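Letter by letter, the chains look like this.
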Amino acid sequence: MAPPPGDFSRVNVAISFPPFQSDKGIPLLSQNRQYQVFSTGHSDGGGLVGLMNRFVGDNATVIFPVLPALAATLLDQHGHDAVWLDGIAEGWDWSTYCSEIEKAQPDLMMIETKTPSAPPVYDAITNLKSRFPEMKIALVGDHVTALPEEPFLFCPVDYVIRGGQFDFAILNLANFLEGREDLGGGVFWRHDETSIANSGIDPNPPVVVDVRPHIDRRLVNWELYAYRNGNFLKKGTYGWATGSTGADCWWRRKVPGGPRHGGGGCTFCSWTSMLPTWSVRPVNDYLDELENLVDLGVEEVFDDTGTFPVGRWLKEFCEGYRERGLHKTLMMGCNMRADALSQAEYEMLGESNFRFILYGIESANQRSLDLLNKGTEVRQQWESVKWASEAGLEPHVTCMVGYPWETFDEARRTIEFTRETFDRGWINTLQGTIVIPYPGTQLYAQARANDWLRFDGPDNWERFDMREPVLRSPIPTDEIMGLVQSLYTSFLTPRYVSRKLMHAVKSRDHFRYYVVRGSRYVVGHMLDFRKSQLETNVNGASQPDTGVAELPVTLHTAGGSTAPVDEALLVPTSPDEAAVAVPR
């Protein structure tokens, strides 16, 4: 079954992020594996909170959305007029946003959503369809990959596209509406008032190129995202080392006892749930694009592949990077696993002018790493940041608290890890968060099966915004918020502060990065996780814990089934059992 093709001679497509009217702050939406809302000068709050919000100002992170940018580029290269309408990054209000739509007059609009943004996006679609009834709207993202029939219950969306290859899928849909090709798998639409049809459950869009195109940075207004990002010391943008047949992270080990096909990798990651396979682009093609970025005025590139490719590919990349002289004009950064590189390979990165290197540490407790299917060891965490810093890189770690199995003492071990590595100069910055189980991930499926959820379902999706714990925990919810704040203040050791002040005096870039922007980031994150948010919702009512909900539509979990939880790993470890020999 297929929907009727549209009456279009040429489909013009808008890639769009509707602006959210939220008192909490600016949502960090696309190209982000853990949705977060950043406090700003416009966030709600009086007294001391209001003063701190004003100090933070307009300092919220804005991440360059690589996949939507690839979608816009593909559409443009294949004969469709593509327009870029990011109402969030632009800071538009709703009236301005609608005025921009009226100017562009798109026939089709693509909107990406994550779980916490789903309810306001449904409201936005309802408003857009009432104002622009002829415009078709397609919804994409990890939330609708897990729950593709849900949007039709709450808004008049035209299409829902499952899967992470939505750059190819939106091109396929535009071509279909012109009557030029059949729909690939993974597209859902409203068949009649009572039923939803689809072109096949599994996403299978036509992959029309052997290598993804170089993003048209001007088309997608790249400079809008070049400054407000803690990953950049200088004027920067994002790159992507992944190929055309898969994407994101190469770590795909199957969860023990879990599904054999799909659902591998870290159990909390929503990206591997919508991008179940991985591939890598040719080295020379990537180096060509980086040379073009230098010509465009880019000074720093952060590659947002889930984990940067290693082995022979990395060696060829670094050699080519230096041979072309890119190390003299362009800084590089990337995501990395703690077990992926040797000390010599970190030195190779340093010689190639890599600077920012990001590790998903997650926890300094081995049983948590094992339960998350992380595949790393605590010992490797210490070694990797030590080797990276000694090679001249500036390591950044991301850590989470609020696991349903971690005790307070175990969570404190993660803070002790960050405090010690800050003090030794082995890490430079961090991101602390609350672990959130997004629908579609193995962690969400395990949480439903083991009654770990404090709340669940469409009535509560907005509460999955990292402003409070979603999972039940041995640690009281207010103490979890305090633990995140402790992560953000763990840099306050005399040796770390004195080192950074010395760097700031010597370098204008470092002064702006660590002193001006850094102080605002810290204050902003302290506001993001303040305990007062737990007490009431926006209407002043207490927030109830309702437990696991009966979902109104079918849930599609990565791999198709829920991996069992190893009961032996749910037993807390003693300090002696958890002790790790710290390298010197």
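How each quantity is defined
- Residues numbered from 1 in each chain as written.
- Predicted model: local features only at pLDDT ≥ 70, side-chain atom pairs only at ≥ 80, totals over all residues.
- Heavy atoms only, no water.
- Pairing = 2+ DSSP bridges.
- Helix = DSSP H or I, 4+ residues; strand = E, 2+ residues; numbered from the N terminus.
- Axes fitted to C-alpha atoms, helices over the stretch in contact; angles between N-to-C directions.
- Expected span 1.5 Å × (residues − 1).
- Buried < 20%, exposed > 50% of the residue type's maximum accessible area, 1.4 Å probe, protein only.
- Parallel < 35°, antiparallel > 145°, perpendicular 65-115°, else oblique.
- Left-handed = near helix turned anticlockwise from the far one by under 90°.
- Contact = heavy atoms within 4.5 Å.
- Nonpolar A, V, L, I, M, F, W, Y, C, P; charged D, E, K, R; others polar.
- Core = buried A, V, L, I, M, F, W, Y, C linked by side-chain atoms within 4.5 Å.
- Arc of directions from axis to C-beta.
- 1 Å grid on protein atoms, 1.4 Å probe; cavity = no way out; pocket = protein on both sides within 12 Å on 5 of 7 lines; lining within 4 Å.
- Points joined across faces, edges and corners; volume = space filled by probe spheres on them.
- Right-handed = clockwise from strand over helix to strand, strands pointing away.
- Phe/Tyr/Trp six-rings, centres within 6.5 Å; stacked < 30°, edge-to-face > 60°.
- Lys NZ or Arg CZ within 6 Å of the ring centre and 35° of its normal.
- Disulfide = S-S within 2.5 Å.

Peer 1: Hey, could you go over the sheet that holds strand 4 (residues 82-86) for me, with residue numbers and the actual values?
Peer 2: On the basis of which strands lie adjacent, the open sheet formed by seven strands has the order 4-1-5-6-7-8-9 and mixed pairing. In this open sheet, the two edge strands, each paired with only one partner strand, are strand 4 and strand 9 (195-198). With strand direction ignored, the average angle separating the axes of adjacent strands in the sheet is 25°. Both strand 1 (residues 13-17) and strand 5 (residues 108-112) contribute to a ladder of four bridges, which runs parallel.

Peer 1: Can you break down helix 2 (residues 66-77) residue by residue, with the values?
Peer 2: With twelve residues, helix 2 should cover 16 Å at 1.5 Å per step; its first-to-last C-alpha distance of 16 Å lies within 8% of that length. The buried fraction of helix 2 is high, at ten of twelve residues. Listed as buried for helix 2 are Val 66, Leu 67, Pro 68, Ala 69, Leu 70, Ala 71, Ala 72, Thr 73, Leu 74 and Leu 75. Once helix 2 finishes, Gly 79 follows within two positions and takes phi at roughly 90°, a positive value.

Peer 1: Provide a residue-level description of the packing of helix 11 (residues 312-323) against helix 12 (residues 343-351), including the pertinent values.
Peer 2: One can describe the packing of helix 11 onto helix 12 by two numbers: an axis separation of 10 Å at closest approach and a directional angle of 25°. Here helix 12 runs roughly parallel to helix 11, going by the angle between their axes. Considering how the two elements wind past one another, helix 11 and helix 12 form a crossing that is left-handed. Contacts from Leu 314, Lys 315, Cys 318 and Arg 322 in helix 11 reach Met 348, Leu 349 and Glu 351 in helix 12. Considered class by class, the residues forming the contact of helix 11 with helix 12 number four nonpolar, no polar and three charged.

Peer 1: Tell me what's going on with the nonpolar core, and back it up with residues and numbers.
Peer 2: Formed by 135 residues in total, the largest nonpolar core has its most connected members in Ile 170, Leu 173, Leu 290, Phe 308 and Phe 317. Broken down by element, the residue count for this core peaks at eight residues, all from helix 8 (residues 166-177). If we ignore the near neighbours within four places in the chain, the residues touching Ile 170 are Val 13, Ala 71, Leu 75, Leu 108, Met 110, Ala 138 and Ile 161. Judged by nonpolar contacts, the second largest core, of 24 residues, contains Val 121, Ile 137, Val 144 and Val 160.

Peer 1: Give me the environment of Leu 430: which residues, what numbers.
Peer 2: For Leu 430, the location among the structural elements is in strand 15 (residues 429-434). Distance from Leu 430 to Phe 491, taken between C-alpha atoms, is 9.0 Å for residues 61 residues apart in sequence. Beyond its immediate sequence surroundings of up to four residues, Leu 430 is in contact with His 396, Val 397, Thr 418, Phe 422, Leu 487, Tyr 488 and Ser 490.

Peer 1: Explain helix 12 to me, and be specific about the residues and the numbers.
Peer 2: Side chains three or four residues apart in an α-helix point the same way, a direct result of the helix having 3.6 residues per turn. Turning to helix 12, its buried residues are Tyr 346, Met 348 and Leu 349. Projection of helix 12 onto a plane perpendicular to its axis shows the buried side chains occupying an angular sector of 155°, all on one side. Residues of helix 12 that are exposed and angled more than 90 degrees away from the buried face: Ala 344 and Glu 351. Tucked inside the fold, the buried residues of helix 12 contact helix 11, strand 12 (331-336), strand 13 (354-362) and helix 14 (378-390). Two residues or fewer after helix 12 comes Asn 353, characterised by a positive phi angle close to 70°.

Peer 1: So what's going on with empty space enclosed by the protein? Which residues, and what values?
Peer 2: Counted under the stated rule, the structure contains six cavities of 30 Å³ or more. The computed volume of the second largest cavity comes to approximately 100 Å³. Every residue along the wall of the second largest cavity is listed here: Val 66, Leu 70, Arg 212, Pro 213, Ile 215, Arg 217, Tyr 238, Gly 239, Trp 240, Thr 242, Arg 281 and Glu 289. Listing elements by their share of the lining of the second largest cavity, those giving two or more residues are helix 2 and strand 10 (236-239).

Peer 1: Help me get a handle on the pairing of strand 14 (residues 394-401), residues and values and all.
Peer 2: On any regular strand, side chains alternate: one points to one face of the sheet, the next to the other face. With eight of eight residues buried, strand 14 is to be regarded as a mostly interior element. Burial of strand 14 is two-sided: the residues Glu 394, His 396, Thr 398 and Met 400 facing one way and the residues Pro 395, Val 397, Cys 399 and Val 401 facing the other way are all buried. Where strand 13 and strand 14 come together, six bridges link them in parallel fashion. Considered in strand 14, the bridge of Phe 356 is made with Glu 394. In this sheet, strand 15 lies alongside strand 14 in parallel orientation, the contact comprising six bridges. Counterpart to Val 401 in the pairing with strand 15 is Ile 434. In this fold, the crossover linking strand 14 to strand 15 by way of helix 15 (residues 408-424) has right-handed handedness.

Peer 1: Quick rundown of the packing of aromatic side chains? Include the residues and the values.
Peer 2: Inspection of every chain in the model, using the stated rule, returns 25 aromatic pairs. Summarising the aromatic geometry, the rings of Phe 232 and Tyr 238 are spaced 5.7 Å apart at their centres and angled 90° between planes, so their arrangement reads as edge-to-face. The burial state of Phe 232 is the same as that of Tyr 238; both residues are buried. Measuring from centroid to centroid gives 5.9 Å for Phe 308 and Phe 354, while their planes differ by 65°, and the two rings are edge-to-face. Within this pair, whereas Phe 308 is found in the loop between strand 11 (300-303) and helix 11, its partner Phe 354 is found in strand 13, the two being separated by 46 residues in sequence. Of the two residues examined, Phe 308 and Phe 354, each falls in the buried class. Members of the aromatic cluster, connected to one another through ring pairs, are Tyr 286, Phe 308, Trp 313, Phe 317, Tyr 321 and Phe 354. A cation over a ring is seen here: Arg 337 above Trp 251, with NZ or CZ 4.0 Å from the ring centre.

Peer 1: Would you mind going over the state of the cysteines in detail, with residue names and values included?
Peer 2: For the structure shown, the criterion picks out zero disulfides. You can see Cys 318 has no disulfide; the closest cysteine sulfur is in Cys 334, sitting 8.9 Å from it. With a relative accessible area of 0%, Cys 318 lands in the buried category.

Peer 1: Got a sec to walk through unusual backbone geometry? Specific residues and values, please.
Peer 2: With a phi close to 50°, Gln 105 is a non-glycine residue in the positive phi region. Among the secondary structure elements, Gln 105 is positioned in the loop between helix 4 (94-104) and strand 5. At Met 466, a position not held by glycine, the phi torsion is positive, near 70°. Relative to the helices and strands, Met 466 is located in the loop between helix 16 (442-449) and helix 17 (477-488). Overall, the relative accessible area of 1% leaves Met 466 in the buried class.

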